[in-house]
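Structure assessment
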Amino acid sequence: MFKKAVDAKSHQRLSGADRKKLKRTIRNKFPCPSDTDIDVLLPPKAEITVSKFQNRVHVYSVEGGFPMFFDVDGRGSEIFPTVFALWKVPEMLPSFMLKGGEVSRYVIGGADLMFPGISIPSEGLPSFLAGEPWAVKVPGNAAPIAVGSTTMSSVEAIKAGLRGKALRVTHYYRDSLWNSVEGHHVPNAGFLEDVVLEDPALLVSVQTASSCEVVSDAPYDESHDIGSKEVGELAHSSDVVSETNPASVTEAGPAHDKMEQLSADVGDLQVKDDIPMDESTVDEKHTLSIEDVDTCLDYCLLQALHTTVKDKDLPMPGSTLWSNHVLPCRPLGTMLDIKKSSHKKLSKWLQAKSSTGLITVKEDKYKKETMLFSVNRGHPDYLSFKPEKRQEQKVDQPGGQSISENQSQKAFDVTAIYKTSVHVNPIFASVGAEMGKYYSASEASDIVFRYVEKENLVKPTDKSIVILDPTLCDALFKGAIKKGSAYPTEIHKKDLGSTFTSRMQAHHIVTRGTDSFIRKGTLKSIQIVSERRQGNKKVTKVSGLETFLMDAEALASELQKKFACSTSVAELPGKKGLEVLIQGSVIDNVARHLIEHHSIPKRYIEVLDKTRK
């Protein structure tokens, strides 16, 4: 889940009600820790922030401190403590003990835990159910190195002979969630003793004083990650390096030595108890002055106006400008709160920017909200600002796909191709071209011009005219000329190619991302119809999506979020296929969305508004 570095799309502080709800969820999910333990993880006087990622993961952190919990689906049903939280309260979760430090190098490489890699106690395998959160520890150390959920119950595991996957690891030591903290000075890391990883590629010193510092001599070598292997395979391998056989470590090569050292260092991690967290210092180190907040606001606004705010999206509500454009442009690791600026309110800040002439805002008397109407892109502040180019990163999706992959799947293309017919077969046979295969329009035109050149049919007195012999005349016009009408004897070169392809069987290659499909004949357009239902309610129906390799369910979910309205999917009455039903009359918006976000050509969209009289 945290194998790759991902930037959060939003950061915000929890309100008092949300803080209580989070603590209540944690108490219900984890009965072992006491209320005092939970207060140690989430201090009552400290600000708690939630970082929301595009893969729906929510990470709850102490502001200016460490991430303590993360929610896999953002709904509270799959919430886990982080390694940082488990180091403060090690007994918060039951844990599996590994068979020596050798197995740990696979866990901290991102692999899931297999049953052969677990040390079974003498009293037998502990009881657990499928889907329960468990931690992973190394022998002789109370500090867990990973956390995840069980894939099966203990009863099922015994029936399977203690083989297979035991724990689906969701977070582990030195993954991207861990590294997101290592790169910054973080106050109150008092729960750790000094930890020094003597890897020559990376030297990490976690101080027990008031900060956590990373000294990096070289970038982390990603070749250490062994995410494709499953932990526990070593238990039945003949070349397993055991803790009691140090001589075998030197035989495994430098890469193995480095991983062995890292595993040993993980085993040396210690938990220091009874060190209270100084709550009064949580907000002191990263608090910006009012002038700094104002400067940061101006920077984020200009960055947003240059990069994400488009004139076609205006007018735009001020809340949308703030959440979707300004906040994502803030520097990494910076909390931006309009209340800590000199303006105190979003509307006053926007009015101040409007008074300088950079933007134009007006108050919507119906919605009681400030609206952004225009951007003065000739303003001196706009012209003098140089926007920062941020590197786009792939974001893991729940289905295992990244954003860039999803965008490539939305890339749509339609190509017209042609197949030989009984009319043109003699032309293809004459020039020796293959019949039965598909040709593009240019390739088909080349075939007929090759025939013209072979039979020397160009008119001597006018090189732009082609004389029709019986074979070519039949290919172009047999069956298309009314009875009693004379057949033409010549044709202009510019009309020859199009007339020839019109006599072939038309097909279309429909391509979306990596998927492609050949459809015979002309493509049926997407139908967008708006009509009235009972009670004078309006509904918009979208059909014909299958032709363009679009998933009706996915589009319905997408439109529901975009237009903030209810959607559903139903079968077309009396026909094959599905249609998407959208509450309200949004035909123009849906058509624009299909063109801009799904690359559907405008000529393949038909719009009909039955609500207009």
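About the criteria used
Residues numbered from 1 in each chain as written. Predicted model: local features only at pLDDT ≥ 70, side-chain atom pairs only at ≥ 80, totals over all residues. Heavy atoms only, no water. Pairing = 2+ DSSP bridges. Helix = DSSP H or I, 4+ residues; strand = E, 2+ residues; numbered from the N terminus. Axes fitted to C-alpha atoms, helices over the stretch in contact; angles between N-to-C directions. Contact = heavy atoms within 4.5 Å. Core = buried A, V, L, I, M, F, W, Y, C linked by side-chain atoms within 4.5 Å. Buried < 20%, exposed > 50% of the residue type's maximum accessible area, 1.4 Å probe, protein only. Phe/Tyr/Trp six-rings, centres within 6.5 Å; stacked < 30°, edge-to-face > 60°. Expected span 1.5 Å × (residues − 1). Arc of directions from axis to C-beta. Parallel < 35°, antiparallel > 145°, perpendicular 65-115°, else oblique. Nonpolar A, V, L, I, M, F, W, Y, C, P; charged D, E, K, R; others polar. Patch = residues over 30% accessible without salt bridge, like charges linked within 9 Å, V, L, I, M, F, W, Y side chains within 5 Å. Areas by Shrake-Rupley, 256 points an atom, 1.4 Å probe, with all protein chains shown as cover. Salt bridge = Lys/Arg side-chain N within 4 Å of Asp/Glu carboxyl O. Lys, Arg positive; Asp, Glu negative; His and termini not counted. Charge placed at Lys NZ, Arg CZ, Asp CG, Glu CD. pLDDT = per-residue confidence, 0-100.

Quick word on the sheet that holds strand β5 (residues 79-81)
Spatially, five strands are ordered β1-β2-β3-β4-β5 in an open sheet, and the strand pairing comes out antiparallel. Every other strand in the sheet has two partners, leaving β1 (10-13) and β5 as the edge strands with one partner each. Pairwise comparison of adjacent strand axes, ignoring direction, gives a mean angle of 20 degrees for this sheet. Taken together, the four bridges between β1 and strand β2 (residues 48-52) define a ladder with antiparallel strand orientation. Within β2, the position partnered with Ser-10 by the bridge is Lys-52. Sheet strands in contact with helix α1 (residues 16-29) are β2, β3 (58-62), β4 (67-71) and β5, and its direction is about 80 degrees off that of β5.

What about the nonpolar core?
Side chains that are nonpolar tend, in soluble globular proteins, to be buried together. Core analysis: the largest hydrophobic core is formed by 60 residues, its most contacted members being Ile-26, Phe-69 and Ile-145. Considering every element that reaches this core, the biggest residue donor is helix α3 (residues 83-88), with five residues. Here Ile-26 is in contact with Ile-38, Leu-42, Phe-69, Ile-79 and Met-92, once residues within four sequence places are set aside. Counting 27 residues, the second-largest nonpolar core is a separate cluster that includes Leu-302, Ile-359, Val-375 and Tyr-382.

Concerning the packing of aromatic side chains
Applying the stated rule across the entire model yields 16 aromatic pairs. Seen in terms of ring centroids, Phe-96 and Phe-128 are 5.6 Å apart; in terms of plane orientation they differ by 90 degrees. Their pairing is edge-to-face. Of this pair, Phe-96 sits in strand β6 (residues 95-97) while Phe-128 sits in the loop between β7 (113-114) and β8 (133-137), and the two are 32 residues apart along the sequence. When its relative accessible area of 2% is taken as the criterion, Phe-96 is described as buried. By relative accessible area, Phe-128 is classed as buried at 2%.

Some thoughts on the pairing of strand β10 (residues 165-172)
By the criterion of burial, β10 is predominantly enclosed, with six of the eight residues buried. By the bridge criterion, two bridges tie β7 to β10 in an arrangement that is antiparallel. Following the sheet pairing, Met-114 is matched in β10 by Lys-165. Bridging between strand β9 (residues 146-150) and β10 involves five bridges; their strand directions are antiparallel.

Some thoughts on the environment of Ile-595
You can see Ile-595 is positioned in helix α18 (residues 587-597). Ile-595 sits ten residues away from Ile-605 along the chain, and the two C-alpha atoms are 8.8 Å apart. Ignoring any residue separated from it by four or fewer positions in sequence, one finds Ile-595 in contact with Ile-600, Lys-602 and Ile-605.

Comments concerning helix α17 (residues 552-563)
Along an α-helix, a turn takes 3.6 residues, which lines up residues three or four apart on a common side. A rise of 1.5 Å per residue sets the reference length of α17, with its twelve residues, at 16 Å; its end C-alpha atoms lie 16 Å apart and thus fit the reference within 8%. Among the residues making up α17, those that are buried are Ala-552, Leu-555, Ala-556, Leu-559 and Phe-563. Buried residues of α17, viewed axially, fall in a sector of 100 degrees; they line one side. As for α17, its buried residues are in contact with β25 (567-571), β26 (578-583) and α18. Within two residues after α17, Ala-564 carries a phi angle of roughly 55 degrees, on the positive side.

Some remarks on the sheet that holds β8
Taken in spatial order, the five strands line up as β6-β8-β9-β10-β7 in an open sheet, and their pairing is mixed. The sheet is open, and its two borders are formed by β6 and β7, each paired with just one other strand. Pairing analysis gives four bridges linking β8 to β9, with the strands arranged antiparallel. Across the sheet, residue Trp-134 finds its bridge partner in β9, namely Gly-148.

Some points on the packing of helix α8 (residues 290-307) against helix α9 (residues 318-326)
For the pair α8 and α9, interaxial distance at closest approach is 10 Å and the crossing angle is 85 degrees. As the angle between them shows, α8 and α9 are arranged roughly perpendicular. Across from Leu-297, Cys-300, Leu-301 and Ala-304 in α8, the residues of α9 making contact are Leu-321, Trp-322, His-325 and Val-326. Looking at the contact of α8 with α9 residue by residue, the classes come out as seven nonpolar, one polar and no charged.

Describing a positive patch on the surface
There is a patch of like positive charges on the surface, built from Lys-9, Arg-56, Arg-75 and Lys-561. With respect to the secondary-structure elements, Lys-561 resides in helix α17. Using a relative accessible area of 60% as the deciding quantity, one classes Lys-561 as exposed.

With respect to the confidence of the model for the chain
It should be kept in mind that the predicted coordinates are not to be read in detail where pLDDT is low. Chain-level statistics for the chain give a pLDDT mean of 77 and a share of 78% at 70 or above. Segment residues 271-286 is flagged for pLDDT under 50; beyond a separation of four residues in sequence, or across chains, it makes 32 contacts in the model. Here residues 392-409 is modelled with pLDDT under 50, and outside its nearest four sequence neighbours on either side it reaches 31 contacts, counting other chains as well.

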